[in-house]
Amino acid sequence: MIGLFDHLARPLLSQLEAENAHQLAIKALKLLPRGAAAAEDARLSVRVFGLNFPNPVGMAAGFDKHGEVPDALLRLGFGFVEVGTVTPQPQPGNPRPRLFRLPTDQGVINRLGFNSEGARAVLARLAARAGAGGIVGVNVGANKDSSDRVGDYVSLIETFAPVASYFTLNISSPNTPGLRDLQQGRLFDELLARVVDTRERASRQAGLVPLLIKIAPDVSLSELDDFVGAARRRRVDGMIVGNTTVARPPSLQDRKIAREAGGLSGRPLFALSTRMLAETYVRVEGAFPLVGTGGIDSGRAALAKMRAGASLVQVYSSLVFRGLSLVGEIKAELAKALAGPQALPDLVGMDAAAVTAQPWPRY
Ligand SMILES: Cc1cc2nc3c(=O)[nH]c(=O)nc-3n(C[C@H](O)[C@H](O)[C@H](O)COP(=O)(O)O)c2cc1C
């Protein structure tokens, strides 16, 4: 099925303007026949923040922003899907064009700016699939014109608690002016305090919904110290490292497109995001697990993320260039790496100290 999808759709999609191609891919996924996902290699199953993942490879936030195709993505072999970012009220995001490919660099720049159909529409879709199983996280963010951004996160936690497998607080998108201010000391702590409290009140019989924070790869190491300190004090369940970068590494070849404003992702993000992941891992000291995201385009890259500190990984941009068959490739390579008595969790963080000892990547 994936082979057929890639074979028929990708040549067409790569010719289309990037956002039209994305919309067409969502439409095609909606047409995917129902049925069970293929059986998984049992060695790839992992238990992280109290949830049982059939495999550690997730679809990152931003692909299925409105919760339209989580089950199709799970059937295609993802171990989990993160829908969103969802904002409380619908909003259009920035004017188009706002999504650009860097084909030579295998990168993507986006300045979508949280185009969202809003909480009500996304909740209706997720409620309609309740009981379908599979891990579907909800990534939440504030409206651009909100007068109470912390309040937006709180209301979204209340709204989605009955249907979310886990929550991600997105405070790291570079495309909503001022959003990344929430990463600063006092504001961050206030946000966490209110969200943690709300989550407790909204908890279901099944227990607390795990709460993750998604950070930018552009924070300084002293900001990272504060972050990890506050996250540990407030007992969050995990961190995603990380979002797109506003940096433009000097190695970029697609120079004209690289001048577009927005967040850069894909292969050119790999070195920076992996370094930040390792830096986070050594600071967290096992207090909670990490999700590694940024430039994973092969099984080797996924393994490197795990060895740098990720218990789970997420992919997005490389699917644009490599198609959905990449998910199977990554899983096969992870399984191969486990040929001996090693289990996946044994790999996590093995190389973190070594990665932090390397020269800082050039960005
Ligand atoms: C087009 C596009 C839209 C994105 N939208 C979101 C979003 O809404 N919320 C979010 O937390 N991250 C968003 N991201 C960031 C991804 O989830 C991921 O963190 C980042 O792209 C790094 O992974 P990658 O290199 O595999 O793409 C988006 C990325 C892209 C390319």
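See the structure above.
Predicted model only: the values in this text are computed from it and were never measured.

Comments concerning the overall build of the chain
For the chain, the helix and strand inventory stands at 14 helices and 13 strands. On C-alpha atoms alone, the chain measures out to a radius of gyration of 19 Å, which is about the 21 Å that the 2.2 N^0.38 rule sets for 363 residues. Considered along the principal axes of its C-alpha atoms, the chain spans approximately 50 × 45 × 45 Å. In the chain, which comprises 363 residues, the share counted as buried stands at 56%. Taking contacts inside the chain between residues at least 6 apart in sequence as the whole, the part at least 24 apart equals 74%. Summing over all exposed atoms, the chain offers an accessible surface of approximately 15,100 Å²; the carbon and sulfur share of this is 53%. Here the chain holds 42 positive side-chain charges and 34 negative ones, and the gap between their average locations is 3 Å.

Topic: the side chain of glutamine 91
Relative to the assigned elements, glutamine 91 resides in the loop between β4 (80-86) and β5 (99-102). The buried category is assigned to glutamine 91, whose relative accessible area is 12%. At a separation of 2.9 Å, a polar atom in the side chain of glutamine 91 contacts the side chain of asparagine 143. A distance of 2.9 Å separates a polar side-chain atom of glutamine 91 from the backbone nitrogen of lysine 144. With sequence-adjacent residues up to four places away left out, glutamine 91 is seen in contact with Gly113, Phe114, Asn115, Ser116, Asn143 and Lys144.

Focus on the site of the ligand
Contacts to the ligand come from 25 residues, most closely from Ala61, Lys65, Thr85, Gly295 and Ser317. With respect to the ligand, the side chain of asparagine 170 contributes an N or O atom lying 3.1 Å from an oxygen atom. A distance of 2.8 Å is found between an oxygen atom of the ligand and a side-chain nitrogen or oxygen belonging to lysine 214. Starting from 600 Å² of accessible surface for the ligand in isolation, the protein chains cover 97%. At the level of elements, β4, β6 (107-110) and β11 (263-266) are the ones that each hand at least two residues to the shell around the ligand. In terms of residue class, the shell around the ligand is made up of 8 nonpolar, 15 polar and 2 charged.

Overview of the sheet that holds strand β7 (residues 136-140)
Spatially, the 8 strands close up into a barrel ordered β3-β4-β7-β8-β9-β10-β12-β13, and their pairing is parallel. This sheet shows a mean twist of 25° between the axes of neighbouring strands, independent of strand direction. Lying over the sheet, helix α10 (residues 299-308) contacts β12 (290-293) and β13 (310-315), oriented at roughly 145° with respect to β13.

Brief notes about the environment of phenylalanine 167
Along the chain, phenylalanine 167 turns up in strand β8 (residues 167-170). Here phenylalanine 167 falls in the buried class, since its relative accessible area comes to 1%. Separated by 20 residues in the primary sequence, phenylalanine 167 and serine 147 place their C-alpha atoms 22 Å from one another. When neighbours within four sequence positions are excluded, phenylalanine 167 is seen to be in contact with Val138, Val140, Leu156, Ile157, Phe160, Ala161, Val209, Pro210, Leu211 and Leu212.

Parameters and conventions
Residues numbered from 1 in each chain as written. Predicted model: local features only at pLDDT ≥ 70, side-chain atom pairs only at ≥ 80, totals over all residues. Heavy atoms only, no water. Helix = DSSP H or I, 4+ residues; strand = E, 2+ residues; numbered from the N terminus. Rg over C-alpha atoms; globule rule 2.2 N^0.38 Å. Buried < 20%, exposed > 50% of the residue type's maximum accessible area, 1.4 Å probe, protein only. Contact = heavy atoms within 4.5 Å. Areas by Shrake-Rupley, 256 points an atom, 1.4 Å probe, with all protein chains shown as cover. Lys, Arg positive; Asp, Glu negative; His and termini not counted. Charge placed at Lys NZ, Arg CZ, Asp CG, Glu CD. Polar contact = N/O pair within 3.5 Å; in protein donor to acceptor, adjacent residues only side chain to side chain. Near = heavy atom within 4 Å. Nonpolar A, V, L, I, M, F, W, Y, C, P; charged D, E, K, R; others polar. Pairing = 2+ DSSP bridges. Axes fitted to C-alpha atoms, helices over the stretch in contact; angles between N-to-C directions.

Coordinates in, geometry out; function isn't part of it.
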